[in-house]
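Understanding the architecture of this molecule
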Amino acid sequence: MTEILILRSGFDFNGIYGFFDEFMPDSLDWLVFLITSLILAIVIINAVVLSTALLTWFERRLLGRFQSRLGPNRWGPFGLLQPIADLVSLLTKEDTIPEGADKPIFTLAPIVFLAPALIVFSVIPLHGGSFLGNLNVGLIFVIAITSINTLAVFMAGWSSLNKYAMFGAMRAVAMLISYEIPMGITVVAVALVAQTLGLSDVVLAQDIPYILVMPLAFLVFITAASAEMSRTPFDLIESDSELGAGYHTEYSGAKFALLQLTEFMAPIIVAALVTTLFLSGWRGYGPIPGPVWFVIKTFIVLFGFVWIRASWPRLRVDQIMGLAWKGLLPLSIINLFVVAIEVFIFNPGENGLSTTDLWIMTGVNWGVTIIAIFAIFNLLGQSKSERPVPVISPLANMYANTNTVKKITDLAEAE
Amino acid sequence: MYGLGLVKGLMVTAKNLVLPSRMMTVQYPNRKVGLLGLSKATGVPLPKLLLKDPITSVKSLLGMAEVKESLPQHPRFRGEEFSWYEQRCTGCASCAKYCPLGIIEIVTSESGDQMQEGQKYHLDKFDIDIGRCMFCGLCVEACPYDALHMGSGFEEGTYRRQDLVIDKRKLVSAKKTPSTWFRPQLASKKYDPHKGKNVKWDGAGRHEKPSLEQQQEKWAKR
């Protein structure tokens, strides 16, 4: 607890505000507020953008090794300067706007896409508190802010007057809205167990990491989140083999750079959220300070994301919607019910659930997880849906064996 | 079973990540080396390398040191810069006749050489337009005296198309590292053109020049 207090006294909104407030007259409070906001904005933007640049390098190198090839290794030590080269290449390209595009919306879309991603990072607790201090409705804030992305994707797709961009945007809206529901319900379960909505309070409540307490919630959350950021198993928003590039087909130059930046920023944010909600955030053991623990855990989650991206193929549209509504939604509701009943039985007071209670919940929830996954996928899985017998058109092949055609038409008539 | 297929897929990529034998990329023309790789590639022992060239050693630790790397090729690889032996060529122009694209141009004149064995022509012009060549090797198959061989190089890029036309001067001065394609006599000697050893005209062909006695006997029997 002392460690948390030491780190907490430093770098957040209240700390900086207090620092400047000491030697400023009271009439200049608005200036202090402005300076504090600017410093925080600069720090957050630079930190996030730089770590995103590092992530692109990390992802490409690792993806290369997963696919038995080398990643970028030419430019700088181990290819570390590759993101800079990419950025220069993107920024020097011509920034075109297609004729007939809705210009204001077309220009606004990348900014609307980028801003929420940056804002989310201001409430994620890297140590005792986040940059904005201790926001007591952090969970709701995160869920609310991240759903703005859907709007930005639709703005980009609709305004570019391109059918592939439009397809990508329509798929995006359908998918992102569907996956927001199971994600929100799992987050409710987390809030129920932690008895709070503040992100750093959730971390403080995790005497046992919630990945052990609620494995079902973790699975649902990580699936829904990887769909939310539209990464590989769910990347049909920008499926490059079908739609060109999806909603950013018509974008180029600096606008495209912004879109790509946000897209690569999403895994960092999701990994940080998963670390906060399920892997007990900055809490760790030994002399290693909290932020390092946080970074290590985030890194492990990111490694998992890259691994999944290297391994699994893309799902079809109907499979994706089926997974959201038939798989994840029931699972998240089951999880919420079980957790709610447990919390009702243990009836925590002011201090929240004790460690013994959490261990009992762990035991129950693992059983529930296995049974629920088997039950849901047995009831609603793809193998249960019967396929119709394919009927070949007699006109399809005029010189085919006429007996076969007759048999098939007989079969069709019999049915 | 539920999810087992997904785990199998993950294991395949994990093997790619862990096992070095799965890495099949050849870095060409420069290969990035670490410190040990650098001492192995340059043939200098590690302590000596550290003393002699500390800057490159530090660079290699940062993954910035490069060594030249050539692509491994088969000796029968049909490459650019035909190996042509003027001593073996009679100017019969079989190669020009067999070329399906008609890109070999030969102009000959009477030379008065080797009148006993048969007239040998003097070559005024011998141009091969490699820019249109498809490296089928029919000219090499057609050559009755094994004067023309496929080359072994592949790094012959130029900036202008006309530089790709190989004339007689270039053919004479080119490196004589013939490919062993359609030349079993070279292949049986285990000759590898990519090791850079030149072959002289009398070592390249099937037809050895008859000795004086053999020639006299041949002419006497006529």
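An account of the accompanying structure is given in this report. Remember, it's a predicted structure, so these values are computed and weren't measured experimentally. (Residues numbered from 1 in each chain as written. Chains lettered and ligands numbered in written order. Predicted model: local features only at pLDDT ≥ 70, side-chain atom pairs only at ≥ 80, totals over all residues. Heavy atoms only, no water.)

**Considering the interface of chain B and chain A**
For the record, the criterion: Whether two residues are in contact is decided by their heavy atoms, any of which lying within 4.5 Å being enough. Here, a salt bridge means any side-chain nitrogen of Lys or Arg that lies within 4 Å of a carboxyl oxygen of Asp or Glu. A 3.5 Å cut-off defines polar contacts: any pair of N or O atoms within that distance qualifies, except that in protein one atom must be a possible hydrogen donor and the other a possible acceptor, and neighbouring residues in sequence count only when both atoms are side-chain atoms. A run of H or I in DSSP becomes a helix once it reaches four residues, and a run of E becomes a strand once it reaches two; helices and strands are each numbered from the N terminus. Following the grouping adopted for this structure description, the nonpolar residues are Ala, Val, Leu, Ile, Met, Phe, Trp, Tyr, Cys and Pro, the charged ones are Asp, Glu, Lys and Arg, and the polar ones are all others, Gly among them.
Counting residues at the interface gives 22 residues for chain B, matched by 21 residues for chain A. Taken together, the connections running from chain B to chain A amount to one salt bridge. Two residues, Arg74(A) and Glu66(B), come together in a salt bridge whose shortest N-O distance is 3.6 Å. Joining chain B to chain A, the criterion identifies 10 residue pairs in polar contact (both at pLDDT 80 or more). Contributing elements (two or more residues each) for the side of chain B that touches chain A: helix H1 (4-18) and strand S1 (30-33) of chain B. In terms of residues, the side of chain B that touches chain A owes the most to one element, H1(B), which gives seven residues. Tallied by class, the residues present in the side of chain B that touches chain A amount to 11 nonpolar, seven polar and four charged.

**Section: the state of the cysteines**
Residues and elements named next belong to chain B. Cut-off, in case you're wondering: By convention in this document, the label disulfide applies to cysteine sulfur atom pairs within 2.5 Å.
Applying the stated criterion across every chain, the model contains zero disulfides over all chains. Here Cys99 stays unpaired: no disulfide links it, and the sulfur of Cys139, its closest cysteine neighbor, is 6.3 Å away. Distance from the sulfur of Cys143, which forms no disulfide, to the nearest cysteine sulfur (Cys92) is 6.1 Å.

**Points about the environment of His194(B)**
All names here are of chain B. Structurally, the position occupied by His194 is in the loop between helix H8 (184-188) and helix H9 (212-221). Sequence spacing of His194 and Glu217 is 23 residues, and the spatial spacing of their C-alpha atoms is 41 Å. The residues contacting His194, other than those within four sequence positions of it, are Gln73, His74, Pro75, Phe77 and Ser152. Of the polar contacts made by the side chain of His194, one reaches the backbone oxygen of His74; its length is 3.2 Å.

**Overview of helix H11 (residues 215-228) of chain A**
Residues and elements named next belong to chain A. Applicable threshold: By definition here, a helix of n residues has an expected span of 1.5 Å times n minus one. A simple rule labels every residue: compare its accessible area, found with a 1.4 Å probe on the protein chains alone, to the largest value its type can have, and call it buried under 20%, exposed over 50%, or partly exposed in between.
The end-to-end C-alpha separation of H11 is 20 Å, in line with the 20 Å expected for 14 residues at 1.5 Å each. Here H11 lies mainly inside the structure; 11 of its 14 residues are buried. Considered for burial, the residues of H11 that qualify are Pro215, Leu216, Ala217, Phe218, Val220, Phe221, Ala224, Ala225, Ser226, Ala227 and Glu228.

**Focus on the sheet that holds strand S4 (residues 104-113) of chain B**
The condition is simple: In this analysis, strands are considered paired if DSSP registers two or more bridges between them.
If you trace the three strands from one edge of the open sheet to the other, you get S4-S5-S7 (chain B), paired in antiparallel fashion. Edge positions in the sheet fall to S4 and strand S7 (165-166) of chain B, since each has one partner strand and no second.

**Focus on the packing of helix H3 (residues 29-66) of chain A against helix H12 (residues 253-278) of chain A**
Residue and element names in this part refer to chain A. This is how the line gets drawn: Note on geometry: axes are lines fitted to C-alpha atoms, helical ones only across the stretch in contact, with angles between N-to-C directions running from 0 to 180 degrees. In these notes the angle categories are as follows: under 35 degrees is roughly parallel, over 145 is roughly antiparallel, 65 to 115 is roughly perpendicular, and the rest is oblique.
Interaxial distance between H3 and H12 falls to 9 Å at its minimum, and their mutual angle equals 85°. Considered as vectors, H3 and H12 are oriented roughly perpendicular to each other. In this structure, H3 uses Val48, Val49, Ser51, Thr52, Leu55, Thr56 and Glu59 to contact H12, whose residues at the interface are Leu261, Phe264, Met265, Pro267 and Ile268. Grouping the amino acids of the contact of H3 with H12 by side-chain chemistry returns eight nonpolar, three polar and one charged.

**A look at unusual backbone geometry**
The omega torsion of the bond from Tyr28(B) to Pro29(B) falls at 0°, within 30 degrees of zero and hence cis. Positionally, Pro29(B) belongs in the loop between H1 and S1. Positive phi is not limited to glycine here, since Phe78(A) has a value of about 55°. Residue placement: Phe78(A) occurs in the loop between H3 and helix H4 (82-91).

**Some details on the side chain of Thr90(B)**
Here Thr90(B) lies in the loop between strand S3 (79-84) and helix H5 (94-98). The residues contacting Thr90(B), other than those within four sequence positions of it, are Lys120(B), Tyr121(B) and Tyr145(B).

**A look at the nonpolar core**
Soluble, globular proteins show a tendency: their nonpolar side chains are buried together. Selection rule: As used here, the term nonpolar core means buried Ala, Val, Leu, Ile, Met, Phe, Trp, Tyr and Cys residues forming a set that is joined through side-chain atoms within 4.5 Å.
With 99 residues, the main nonpolar core has Tyr179(A), Val193(A), Tyr210(A), Met214(A) and Leu277(A) as its most contacted residues. The biggest single contributor to this core is H12(A), with 14 residues. Those residues within four positions of Tyr179(A) in sequence are excluded, and the remaining contacts are Ala224(A), Ala227(A), Glu228(A), Phe234(A), Ile320(A), Leu323(A), Ala324(A) and Leu328(A). Trp84(B), Cys89(B), Phe126(B) and Trp181(B) belong to the second largest nonpolar core, which has 22 residues in total.

**A few points about the packing of aromatic side chains**
All names here are of chain A. To keep things clear, this is the line we draw: We call Phe, Tyr and Trp rings a pair once their centres come within 6.5 Å, taking the six-membered ring for Trp, and we label the pair stacked below 30 degrees between planes, edge-to-face above 60, and tilted otherwise.
Under the counting rule described, the total for this entry stands at 14 aromatic pairs over all chains. Consider the rings of Phe58 and Phe299, whose centres lie 4.9 Å apart with planes at 45°: the pair is tilted. Pair noted here: Phe58 is in helix H3 and Phe299 is in helix H13 (residues 290-311), with a separation of 241 residues, a long-range link. Judged by relative accessible area, Phe58 falls into the buried class, the value being 15%. Overall, Phe299 belongs to the partly exposed group, its relative accessible area being 44%. With a centroid separation of 6.2 Å and an interplanar angle of 5°, the aromatic rings of Phe66 and Trp307 are classed as stacked. On the criterion of sequence distance, the pair formed by Phe66 in helix H3 and Trp307 in helix H13 is long-range, its members being 241 residues apart. The exposure class of Trp307 is partly exposed, given its relative accessible area of 23%.

**With respect to a nonpolar patch on the surface**
All names here are of chain A. Rule in force here: Patch members must show over 30% relative accessible area and no salt bridge, and they are joined within 9 Å when carrying like charges or within 5 Å when they are nonpolar side chains of Val, Leu, Ile, Met, Phe, Trp or Tyr. Areas reported as accessible are Shrake-Rupley estimates using a 1.4 Å probe. Residue values count occlusion only from the protein chains shown.
A cluster of nonpolar side chains, namely Leu212, Trp359, Trp366, Ile370 and Phe374, defines an oily patch on the protein surface of about 500 Å² accessible area. Per-element tally for the nonpolar patch: the top contributor is helix H15 (residues 355-380), with four residues. Tracing the backbone through its elements, the reader meets Trp366 in helix H15.

**Observations concerning the pairing of strand S5 (residues 120-129) of chain B**
Residue and element names in this part refer to chain B. Examined bridge by bridge, S4 and S5 share eight bridges and lie antiparallel to one another. By the bridge assignment for S5, Glu105 is matched with Asp127. Note that S5 and S7 share two bridges and pair antiparallel. Bridge pairing in S7 links Ile128 to Ile166.

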